[in-house]
Amino acid sequence: MKAEPGNYGDLTDLFETRILDARSFTHRDHIGVACQMLQRYDFLEAAARYGSALKEIATKAGASGKFNTTVTLAFLGLLAERMEVTPHANFDEFLERNPDLFSRSLLDAWYSKERVSSENARQMFLLPDRFEISGTVGPTNA
């Protein structure tokens, strides 16, 4: 079973059943599935389901060391807040208004590289060790 490109409802179903092909699962797909799950479930349930599925998919793909609990939960929290404060009619518009979601340095304002890449960060949620306050966590180009 394969989802049509851009159909994040179907892709989320595949993700939750752990039958999607991890090799073709892009960063945009990560965001799309996370947004779908945050719409389907309350935050705690979405985080538990997303984290559990992502961890299992990474393990099945032979990349268990790539899963990071801190990154996953911090990113989901940021997405949930952005979804709430960003006016948008669809997913593409949401991404247009939040281009920093594609940045590899997105969490750098809150986490040092050492902390976020540590074994502890992979196993449990760590609080940030940096506290750069820019006024809001909202979208950068809203």
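Calculation criteria
Residues numbered from 1 in each chain as written. Predicted model: local features only at pLDDT ≥ 70, side-chain atom pairs only at ≥ 80, totals over all residues. Heavy atoms only, no water. Helix = DSSP H or I, 4+ residues; strand = E, 2+ residues; numbered from the N terminus. Buried < 20%, exposed > 50% of the residue type's maximum accessible area, 1.4 Å probe, protein only. Contact = heavy atoms within 4.5 Å. Areas by Shrake-Rupley, 256 points an atom, 1.4 Å probe, with all protein chains shown as cover. Salt bridge = Lys/Arg side-chain N within 4 Å of Asp/Glu carboxyl O.

*Asks:* How should the overall build of the protein be read in this particular structure?
*Replies:* Broken down by element type, the protein carries seven helices and zero strands. Going residue by residue from the N terminus, the α and β elements of the protein occur as α-α-α-α-α-α-α. Of all 142 residues assigned to the protein, the portion counted as buried reaches 39%. Across the protein, every contact between residues at least 6 apart in sequence was considered, and the portion connecting residues at least 24 apart equals 58%. Carbon and sulfur atoms form 53% of the exposed surface of the protein, whose accessible area is close to 8,300 Å².

*Asks:* Can you walk me through the pattern of salt bridges in this structure?
*Replies:* Two side chains that carry opposite charge are able to pair once their charged atoms sit near each other. By the definition in use, this model includes eleven salt bridges. A salt bridge links glutamate 56 to arginine 18; the shortest N-O distance between them is 3.1 Å. Here arginine 18 lies in the loop between helix H1 (8-16) and helix H2 (27-40) and glutamate 56 lies in helix H3 (residues 43-60), a separation of 38 residues in the sequence. The shortest N-O distance in the salt bridge between arginine 82 and aspartate 100 comes to 2.8 Å.

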